[in-house]
Amino acid sequence: MTILADVRSRTRGWHRPSAVFAATLGAIAVLCVAALVVDQRTLAGAPIWAKPFKFAVSGALYFATWSWLVSLLPRFRRTAGWLTNFLVAIFAAEYVLLTFQAARGRASHFNIATPQDELLYNVMGKMIIGLQAATLALTVLVVFTKLEDRASFWAVRAGAVLSLAGLSLGVLMTSPTARQLAQWQTGGHPDMVGAHTVGLDDGGPGVPILGWSTVGGDLRIPHFVGMHALQALPLLAIGLLALASRFPRLRDDVVRARLVLIGAAGYAGLTALVTWQALRAQSIVHPDAATLGAAALLAGAVGLGSWAAVRVR
């Protein structure tokens with residue numbers, strides 16, 4: 001009970017509808033785990049309840065973070081509140097459709113096999129456009145956030161911008177594949193338009209739980225990595241602040257701000273790297289020499305920059 005009271009006191013000023021929705025999605029994720037155990041049907045090689053589970057977990061993180069970010073705004077908080085309410089409504093509606101398709105054993109994304117499937121996919125597409133527009137508006141409002149700690153100041157802004165970029169990368173998955181285009185050109189009607197996997201059909205071997213392809217490029221990876229900058233960079237700022245008691249150099253908020261900006265640059269580089277890797281039809285678990293070389297350069301640049309940030313006074 002004490003822990004619950006502490007959580008309530010810390011989140012009292014947060015945007016309430018999105019906080020409640022985040023908690024609801026967390027509970028739904030638990031139900032999806034139960035569904036995975038009880039209903040072992042598969043779709044394209046993956047458990048049918050895997051996608052609802054992943055969307056519930058990702059959505060819970062997304063809305064919990066926005067609930068907190070809205071509470072930081074000194075101005076336009078009411079506007080941000082309405083935009084966040086809109087996000088909640090859009091995501092909730094999309095999630096209902098996604099779950100409906102999963103229960104039917106049908107693909108929710110890219111599926112145009114039947115008129116009903118095509119209608120649902122087109123509706124979800126319009127919802128995603130609305131979600132992106134509202135997220136763009138919220139990201140602009142985050143620029144007005146006031147935080148005394150410089151590291152947190154930059155972490156919030158950079159996280160929101162990179163998250164918007166990651167969300168936008170989802171459009172790469174909507175383009176028809178070469179095989180689908182060939183079917184149209186020969187007078188056929190493909191069942192799917194767009195794909196997660198580059199160079200292969202969706203549904204092959206994948207990373208456990210996440211489902212990312214282990215045999216081809218997967219565009220879900222940059223989409224995922226970019227979106228969760230919204231959590232990663234503020235957590236970096238919080239972690240640096242927590243370490244300040246042990247490392248005196250981190251007590252300087254200018255040093256922590258430098259490290260956050262370097263972390264943001266490194267995170268942007270990582271998002272670009274996994275996008276480049278996926279577009280070359282290369283599996284995340286089988287990087288070639290070019291990918292490894294680029295990763296080494298990125299890691300070296302972040303490491304050297306971090307060293308300089310701490311050393312330079």
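Residues numbered from 1 in each chain as written. Predicted model: local features only at pLDDT ≥ 70, side-chain atom pairs only at ≥ 80, totals over all residues. Heavy atoms only, no water.

## Focus: the pattern of salt bridges
For step 1, the next point in the chain: A complete count under the given rule lists nine salt bridges for this structure.
For step 2, the next point in the chain: Of the charged contacts in the structure, one is a salt bridge between arginine 41 and aspartate 39, with a shortest N-O distance of 2.8 Å.
For step 3, the next point in the chain: Residues aspartate 117 and arginine 104 are paired through a salt bridge, measuring 3.4 Å at the closest nitrogen-oxygen approach. Here aspartate 117 is found in helix 5 (residues 115-142), whereas its partner arginine 104 is found in helix 4 (residues 77-104), with 13 residues between them in sequence.
For step 4, the next point in the chain: Aspartate 117 sits in the buried class, given a relative accessible area of 0%.
For step 5, the next point in the chain: Given a relative accessible area of 33%, arginine 104 falls into the partly exposed group.
For step 6, the next point in the chain: Each of the salt bridges in this network shares a partner with another, and the network as a whole consists of Arg104, Arg106 and Asp117. (Salt bridge = Lys/Arg side-chain N within 4 Å of Asp/Glu carboxyl O. Helix = DSSP H or I, 4+ residues; strand = E, 2+ residues; numbered from the N terminus. Buried < 20%, exposed > 50% of the residue type's maximum accessible area, 1.4 Å probe, protein only.)

## Considering the side chain of glutamine 282
For step 1, the next point in the chain: Tracing the backbone shows glutamine 282 in the loop between helix 10 (253-279) and helix 11 (289-311).
For step 2, the next point in the chain: Take glutamine 282: its relative accessible area is 9%, and that puts it in the buried class.
For step 3, the next point in the chain: Within the local environment of glutamine 282, its side chain forms a polar contact with the side chain of glutamine 277, the two groups lying 3.2 Å apart.
For step 4, the next point in the chain: Among all residues touching glutamine 282, those that are not within four sequence positions of it are Gly216, Gly217, Gln277, Pro287, Asp288 and Thr291. (Polar contact = N/O pair within 3.5 Å; in protein donor to acceptor, adjacent residues only side chain to side chain. Contact = heavy atoms within 4.5 Å.)

## Quick word on the environment of phenylalanine 100
For step 1, the next point in the chain: Mapped onto the elements of the fold, phenylalanine 100 is located in helix 4.
For step 2, the next point in the chain: Distance from phenylalanine 100 to glycine 159, taken between C-alpha atoms, is 32 Å for residues 59 residues apart in sequence.
For step 3, the next point in the chain: Not counting the four nearest positions on each side in its chain, phenylalanine 100 is found in contact with Gln116 and Leu120.

## As for the packing of helix 5 against helix 6 (residues 150-168)
For step 1, the next point in the chain: It is at 9 Å that the axes of helix 5 and helix 6 come closest, and there the two elements cross at 165°. Taken together, the axes of helix 5 and helix 6 are roughly antiparallel relative to one another. Here helix 5 and helix 6 pass one another in a crossing that is left-handed. Of the residues in helix 6, those touching helix 5 at Leu131, Gln132, Thr135, Leu136, Thr139 and Val142 are Val156, Arg157, Ala160, Val161, Leu164, Leu167 and Ser168.
For step 2, the next point in the chain: Counted by class, the contact of helix 5 with helix 6 contains eight nonpolar, four polar and one charged residues. (Axes fitted to C-alpha atoms, helices over the stretch in contact; angles between N-to-C directions. Parallel < 35°, antiparallel > 145°, perpendicular 65-115°, else oblique. Left-handed = near helix turned anticlockwise from the far one by under 90°. Nonpolar A, V, L, I, M, F, W, Y, C, P; charged D, E, K, R; others polar.)

Everything listed here is a matter of coordinates, which is why it stays silent on function.
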